[in-house]
Amino acid sequence: MRQVSTWMKEKISLMGVLCTVLWAYVLYQIYPIWRLSWYAHTNQDDWWMSFPVHGEWVDTHSVWKTLVAAWDRGVFIYKTWDGCFLSMTIGSIPPSVFGEKYYCLTFSIIVGMLLLGAYSFFWVVLRCLGKYRKSEVLAVLALLTLILLEMFPFIKEGYSWWVGGINYTFFYGVFLLSQAFLVYYLVKKSKISLILGSILSFCVGLGNLLTGLLNPEVVIVEAVVLWLVGRFGAEKKTYDFKFFIPVCCSVVGLGINVLCPGNLLRGDGLLGNNPFLAIKDAIVLSTQMIATFHKASMIPIYLTMGMILLYGAVRAKSQVSVTFVHPVGVSVVLYLLYCSVITPIVYVGTTIYGRCLNQTFLSQH
C-alpha cells in the first residue's frame, strides 16, 4: 500500500486532478449544445448557394468534381454579388451537399475550427513564451472554452448555420491559428511558422470583410505593443520587421475582396459608416466585456484561471513580465489598443445579429 501511495503522489498532481474535473465540466456543458445540433437543417443562404454543388454530387458522386463546383460557385458569387470570396466558396459546400443528414456536422466543424485556433494560440503563448506546464495550460484551455461559449455568437447565428458560421466563427478560428503561428515565429524564429502564418493571414483577408479588417488591425496592434516594449521597456529589444509580412498578406487578400466586380459588394455599405462612432462604441463594448468579471456566473471561471496563471508564472519564474519607464501612459495606450481590437466588429455592424459577440450576455446587468 505504501508503494501504491508513493506512486500516486508522484503521478497524480493536484493540477492534474483540477484539469480532469474542469474538462469533465466542459464536456458536461457542451454535450447538450452538440446534441441539439443534430436537429439543424439546411436554411437561409445555404439553399441557393449550395444547390448547384449538391447537383454535381448527385450527378457524379465525385468529391473532386464537387469541390470544383464549389470553387466555381464561389467565383460566380464573387463576380456577381459578394466579395467575400473564400467565405462564399466554403459556404457553398455545406455538409448537406452530400446528404441532408450530414448538416448536423455544421456545429462540430465550426466550433472545432474556433477551438483549434484558440487552443493553438494559448498553447503557444503559455507553453513557449510563459513556460507553463501542460496540465496548467490544459486547465486554462478548459476555462477558456467556457468563456468562448458564453461570450461568442448565439448558437443559431454563429454555430449551427453553415454560411453564417463559416463567414464569422470559422474564420475567426483561422485568424487565431494564424496568430499562433505568428507568436511561435516571434519566440522560436521559425521560418516555416512565419510562412504558414502568412498563408493563413492571406486566407483570412480573402475570407470576408470582418476578418479581413480584423487581422491586419490586430497584427498592427501587436506590432505597436512590441514597439512599446522595445522603446519604453526597461530592457531594450531589437524590432523584427518580418512581423509585418502577415499584415501585407492579409491586406492583399482583403484587397481582392474589396475590388471584386460584383454589383452588390457589402463593402460599399462600409463607406457610409462613421469610423469615429465605431471607435466610441468599441470602447463601450470593450468595457462591457471587462464588466463581465463581476457577473456571478463568470467569477469562479476568472478567479480559477487567474490563480492557475499566477501559480504557473511563479512556479516557472516566468520572464514574460515587462517593466515600463512610463507605466501610466503606456497603460492607457495598451487599454486603447485593447478597445481597438473590437472596432472592426462594430464598424462592419455584425454585432447586431450576435454573429460575433453575444451582446445579450455582455449587456446584462
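Here, every reference points to the structure presented above.
Predicted model only: the values in this text are computed from it and were never measured.

Asks: Looking at this structure, how should I read the overall build of the protein chain?
Replies: Within the protein chain, the secondary structure is distributed over 18 helices and zero strands. Considering the protein chain as a whole, with its 365 residues, one finds that 46% of them fall into the buried category. Contacts in the protein chain between residues far apart in sequence, at least 24 positions, make up 79% of those at least 6 positions apart. When the accessible surface of the protein chain is summed, it comes to about 19,200 Å², and 71% of that surface belongs to carbon and sulfur atoms.

Asks: It is not clear to me how the packing of aromatic side chains should be interpreted in this structure. Could you clarify?
Replies: Two aromatic rings are characterised by how far apart their centres lie and by the angle between their planes. One pass over the full model with this rule turns up 10 aromatic pairs. Between Y31 and W34, the aromatic rings sit 5.8 Å apart at their centres with planes inclined by 45°, giving tilted as the arrangement. Highlighted residues: Y31 and W34, both in helix α2 (residues 14-36), separated by three residues, approximately one helical turn. By relative accessible area, which is 47% here, Y31 ends up partly exposed. Within the aromatic cluster, the residues linked to one another by ring pairs are Y31, W34 and W38. Across the ring face of Y185, the terminal group of K189 is positioned such that the distance to the ring centre comes to 5.3 Å.

Asks: Hey, could you run me through a nonpolar patch on the surface in this one?
Replies: Taken together, the side chains of V63, W64, L67, V68, F98, Y102, L105 and I109 make up a nonpolar region of the molecular surface, amounting to roughly 720 Å² of accessible area. When residues of the nonpolar patch are assigned to their parent elements, the largest contribution, four residues, is made by helix α4 (residues 63-80). Of note, L67 is situated in helix α4. L67 sits in the partly exposed class, given a relative accessible area of 43%.

Asks: What's the story with the packing of helix α3 (residues 46-60) against α4 in this structure? I'm lost.
Replies: Helix-helix packing: each pair is described by the crossing angle between the helix axes and the interaxial distance. With their axes 9 Å apart at the nearest point, α3 and α4 run at an angle of 155° to one another. For the element pair α3 / α4, the angle class is roughly antiparallel. For the pair α3 and α4, the sense of crossing is right-handed. Counted together, W48, M49, P52, V53, E56, W57 and T60 of α3 and V63, K65, T66, A69, A70, R73 and I77 of α4 form the full contact between these two elements. Within the contact of α3 with α4, the residues separate by chemical class into nine nonpolar, two polar and three charged.

Rules of the game
Residues numbered from 1 in each chain as written. Predicted model: local features only at pLDDT ≥ 70, side-chain atom pairs only at ≥ 80, totals over all residues. Heavy atoms only, no water. Helix = DSSP H or I, 4+ residues; strand = E, 2+ residues; numbered from the N terminus. Buried < 20%, exposed > 50% of the residue type's maximum accessible area, 1.4 Å probe, protein only. Contact = heavy atoms within 4.5 Å. Areas by Shrake-Rupley, 256 points an atom, 1.4 Å probe, with all protein chains shown as cover. Phe/Tyr/Trp six-rings, centres within 6.5 Å; stacked < 30°, edge-to-face > 60°. Lys NZ or Arg CZ within 6 Å of the ring centre and 35° of its normal. Patch = residues over 30% accessible without salt bridge, like charges linked within 9 Å, V, L, I, M, F, W, Y side chains within 5 Å. Salt bridge = Lys/Arg side-chain N within 4 Å of Asp/Glu carboxyl O. Axes fitted to C-alpha atoms, helices over the stretch in contact; angles between N-to-C directions. Parallel < 35°, antiparallel > 145°, perpendicular 65-115°, else oblique. Left-handed = near helix turned anticlockwise from the far one by under 90°. Nonpolar A, V, L, I, M, F, W, Y, C, P; charged D, E, K, R; others polar.

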